[in-house]
Amino acid sequence: MTKDTDHDPVWQAAWTWVRRQHERGAFDDAATRDEFAQWLAASPLHRKTYDEAGRLWLLVGLVPPVNDVPPPEAGDAVRH
């Protein structure tokens, strides 16, 4: 069974917070940090989902973009 994250408002909020934390200057003001702290404190589910989103962010960062992978050489193709 897979999680339907597209329709999960808690997941969407957690993913937004993770992305915002990685944007330059997004957490520079105290109001944003306070809003984030309040969101985390509002429910244990928020913290759990935020932690999951953060792990996903880290895992995705370990996968090189397809543009960084050189195309195979014509002679390297596997023939069957």
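About the thresholds
Along each chain, numbering runs from 1 in the same order as the chain's sequence is written. Since the coordinates come from a predicted model, pLDDT governs what is reported: local features require at least 70, and pairs of side-chain atoms require 80 or more to be given and counted, while whole-chain, interface and lining totals use all residues. Only hydrogens and water are removed before side-chain values are computed, so all heavy atoms of the structure are retained for them. Two rings from Phe, Tyr or Trp (for Trp, the six-membered ring) form a pair when their centres are within 6.5 Å of each other. A pair whose planes differ by under 30 degrees is stacked, one over 60 is edge-to-face, and the rest are tilted. Each helix is a run of DSSP H or I of at least 4 residues and each strand a run of E of at least 2, with the numbering of both proceeding from the N terminus. The span one expects for a helix is its residue count, reduced by one, times 1.5 Å. N or O atoms closer than or at 3.5 Å make up a polar contact, with two conditions inside protein: a donor-capable atom paired with an acceptor-capable one, and, for residues adjacent in sequence, both atoms drawn from side chains. Every angle, taken between N-to-C directions, lies between 0 and 180 degrees, and every axis is a line fitted to C-alpha atoms, over only the stretch in contact when it is a helix. Throughout, a crossing is termed right-handed when the near helix is turned clockwise from the far one, and left-handed when it is turned anticlockwise from it by less than a right angle. Every residue pair with non-hydrogen atoms within 4.5 Å of one another is taken to be in contact. Charged residues are taken to be Asp, Glu, Lys and Arg, nonpolar residues to be Ala, Val, Leu, Ile, Met, Phe, Trp, Tyr, Cys and Pro, and polar residues to be all remaining types, Gly included. Salt bridge criterion: a side-chain nitrogen from Lys or Arg within 4 Å of a carboxyl oxygen from Asp or Glu. Only protein chains enter the calculation, and the probe is 1.4 Å; a residue is then buried if its accessible area is under 20% of its type maximum, exposed if over 50%, and partly exposed in between. As used in this record, nonpolar core signifies buried Ala, Val, Leu, Ile, Met, Phe, Trp, Tyr and Cys residues forming a set joined through side-chain atoms within 4.5 Å.

A. Structural detail: the packing of aromatic side chains. All chains considered together, the criterion is met by six aromatic pairs. Between tryptophan 11 and tryptophan 15 the ring centres are 6.1 Å apart and the planes differ by 10°, which places this aromatic pair in the stacked class. With tryptophan 11 and tryptophan 15 both in helix H1 (residues 9-21) and four residues apart, the pair spans about one turn of that helix. The structure contains a cluster of three or more aromatic residues connected by ring pairs, namely Trp17, Phe27, Phe36 and Tyr50.

B. Layout of H1. Taking 1.5 Å of rise per residue, the 13 residues of H1 would be expected to cover 18 Å, and the 18 Å separating its terminal C-alpha atoms lies within 8% of that figure. The backbone nitrogen of valine 10 lies 3.0 Å from a side-chain oxygen of the residue at the head of H1, namely aspartate 8.

C. Quick look at the packing of H1 against helix H2 (residues 30-41). Where H1 contacts H2, the axes come no closer than 12 Å and their chain directions differ by 145°. Handedness of the H1/H2 crossing: left-handed. Contacts from Val10, Ala13, Ala14, Trp17, Arg20 and Gln21 of H1 reach H2 at Thr32, Glu35, Phe36 and Trp39. Taken together, the residues that form the contact of H1 with H2 break down as six nonpolar, two polar and two charged.

D. Fine view of the pattern of salt bridges. Counting across every chain of the model gives two salt bridges. Between lysine 48 and glutamate 52 there is a salt bridge, with the nearest N and O atoms lying 2.9 Å from each other. Of the two residues, lysine 48 and glutamate 52 both sit in helix H3 (residues 44-62), four residues apart, roughly one turn of that helix. Look at lysine 48 and you get partly exposed, because its relative accessible area is 49%.

E. View of the nonpolar core. Val10, Trp11, Ala14, Trp17, Val18, Ala26, Phe27, Phe36, Trp39, Leu40, Tyr50 and Ala53 form the largest nonpolar core, which has twelve residues in total. Mapped by element, the contributors of at least two residues to this core are H1, H2 and H3. Aside from chain neighbours lying at most four places away, what touches phenylalanine 36 is Trp17, Gln21, Phe27 and Tyr50.

F. View of the environment of glutamine 21. You can see glutamine 21 is positioned in helix H1. Given a relative accessible area of 33%, glutamine 21 falls into the partly exposed group. Glutamine 21 sits 15 residues away from phenylalanine 36 along the chain, and the two C-alpha atoms are 9.9 Å apart. Look past the residues within four positions of glutamine 21 in its chain and what remains in contact with it is Phe27, Phe36 and Tyr50.

Such coordinate-based values are descriptive only and should not be taken to indicate function.
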